[in-house]
Amino acid sequence: MIFYSPFNTTSQVKKIESIENLQRWPLYVFGDSLYDTGMGFYVDKGPAADSYPYAQFANLPFPEPYRSPNLTDYTKSVNFADAAAGVLVDGRNNTLNLKLQTEFFVEMVGKMEKQYGKEKTRKVVSNAVLLFNIGSNDYVDIWIKVPRPHNASFVNSFVNKILGNFTVSVTSMYNQGARKFAFQNYGPMGCLPLFLQDSGNCAEDLSELAKLHNDRFAALAKTWARRLPGLQYIIYDFYTSLTSHIVDGAKYGFKETQTACCGSGRFNKKFTCMEKANFTLCDDIPSHLFFDPAHPTEEGDRQFAVEFWNGPPSLVTPTNLKSLFGR
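Figured I'd write up the structure that's included with this text. Within any chain, residue numbers begin from 1 and follow the written order of that chain's sequence. Under the rules for a predicted model, residues below a pLDDT of 70 receive no local features and side-chain atom pairs below 80 are neither given nor counted, while totals for whole chains, interfaces and linings still include all residues. Excluding hydrogens and water, the side-chain figures rest on all heavy atoms present in the structure.

1. Focus: the state of the cysteines
- Disulfides are defined as pairs of cysteine sulfur atoms found within 2.5 Å of each other. Under the definition given, this model contains three disulfides.
- One disulfide in the model links cysteine 191 with cysteine 202; its S-S distance is 2.1 Å. Residues cysteine 191 and cysteine 202 share a disulfide whose torsion about the S-S bond is about 110°; that sign makes it right-handed. Of this pair, cysteine 191 sits in the loop between strand S5 (180-184) and helix H5 (204-227) while cysteine 202 sits in the loop between S5 and H5, placing them 11 residues apart in sequence.
- On the basis of relative accessible area, cysteine 191 is assigned to the buried category, the value being 13%.
- Cysteine 262 shares a disulfide with cysteine 273; S-S distance 2.0 Å. Counting from the N terminus, the helices are the DSSP runs of H or I reaching at least four residues and the strands are the DSSP runs of E reaching at least two. Only protein chains enter the accessibility calculation, which uses a 1.4 Å probe. A residue is then buried if its area is under 20% of the maximum for its type, exposed if over 50%, and partly exposed in between.

Put into structure tokens, the structure is as follows:
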């Protein structure tokens, strides 16, 4: 699913000839399929946000994928996100994990320094907002592949591994001059159509993994802020928001919050939507919270993006994305 932003990041920046004429600071995006805007077109890899019928809904401006040959101005918003990516290097093959996305960011900063010089590049990078949503795929993989129930020692070790990789990437980006970080925490993954039981109940143990990670991540972010002078961060509580949307869909304008619009099987929980055949597609897409077994519809994404951008402290802490841009 392609990340939709109510704050048109690609139109925020006027065509410039120098850093001094920059009107808005850029957004640099890191993540998986929730934020991917087509990186798979430009790298030799597996899953990408370029499969029918997803491309039918990609009619809005997005931050340009980093590997796009059309991208030459890195002072505009840039997207490093890659469908199916995770945090771990030894996780999914043929995806651009967080380490690789971080390396691309470092590479980009080097290109900017050659174009504008170090001082001017540092000014842009330090004022830019770095947006993250990545790692849920790693938890899904162990939930599927490792026999359950998972013992506490295993889970604790795995969460530490994920958080350790985050620390390496955030520190690396900080060392390149980045100071503003925005994170979307993990939703109740066990309540996605993909993982619903036939009864309609959620896979609670999978959602508990997300909860544990979110709690530990929030504590870690505070540690970064103490140890890295000038670092600012915000966290969007996607877990709480998505749970509320699922439980009380009518409040948000959704008639269906369990069955995906596109797919096959009970709840359309099978990913046949990407196979060009053997799937069903609902007639009223905006009435569904989920487009396919694991991704929201455009309307769902729009609502989540608005919350991230301008939401209250109960959903985005310690401030929202709009405020972070303005600091």
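Moving on, there is more to tell.
2. A closer look at the side chain of asparagine 97
- With respect to the helices and strands, asparagine 97 occurs in the loop between strand S3 (78-79) and helix H1 (98-116).
- Definition of a polar contact: a pair of N or O atoms within 3.5 Å, with one able to donate and the other able to accept a hydrogen when the atoms are protein atoms, and with sequence-neighbouring residues admitted only if both atoms are side-chain atoms. In terms of polar contacts, asparagine 97 uses its side chain to reach the backbone amide nitrogen of lysine 99, at 3.0 Å.
- In terms of polar contacts, asparagine 97 uses its side chain to reach the backbone amide nitrogen of leucine 100, at 3.0 Å.

3. Remarks on the packing of aromatic side chains
- Side-chain rings of Phe, Tyr and Trp, where Trp is taken by its six-membered ring, are said to pair if the distance between their centres is within 6.5 Å; with planes under 30 degrees apart they count as stacked, over 60 as edge-to-face, and otherwise as tilted. Taken as a whole and judged by the stated rule, the model has 23 aromatic pairs.
- When the ring of phenylalanine 154 is compared with that of phenylalanine 158, the centres are 6.3 Å apart and the planes differ by 25°; the resulting orientation is stacked. With a gap of four residues between them, phenylalanine 154 and phenylalanine 158 both fall in helix H4 (residues 152-175), about one helical turn apart.
- Its relative accessible area of 11% is what places phenylalanine 158 among the buried residues.
- Seen in terms of ring centroids, phenylalanine 181 and phenylalanine 183 are 6.3 Å apart; in terms of plane orientation they differ by 5°. Their pairing is stacked.

4. Observations regarding unusual backbone geometry
- The residue after arginine 148, namely proline 149, is reached through a cis peptide bond having omega 0°.
- As for its position among the elements, proline 149 is in the loop between helix H3 (136-145) and H4.
- Not every positive phi belongs to a glycine, and asparagine 94 is a case in point at roughly 60°.
- Residue asparagine 94 is classed as exposed on the basis of its relative accessible area of 53%.
- We note that phenylalanine 267 has phi near 65°; this positive angle belongs to a residue other than glycine.
- Positionally, phenylalanine 267 belongs in the loop between strand S7 (262-263) and strand S8 (280-281).

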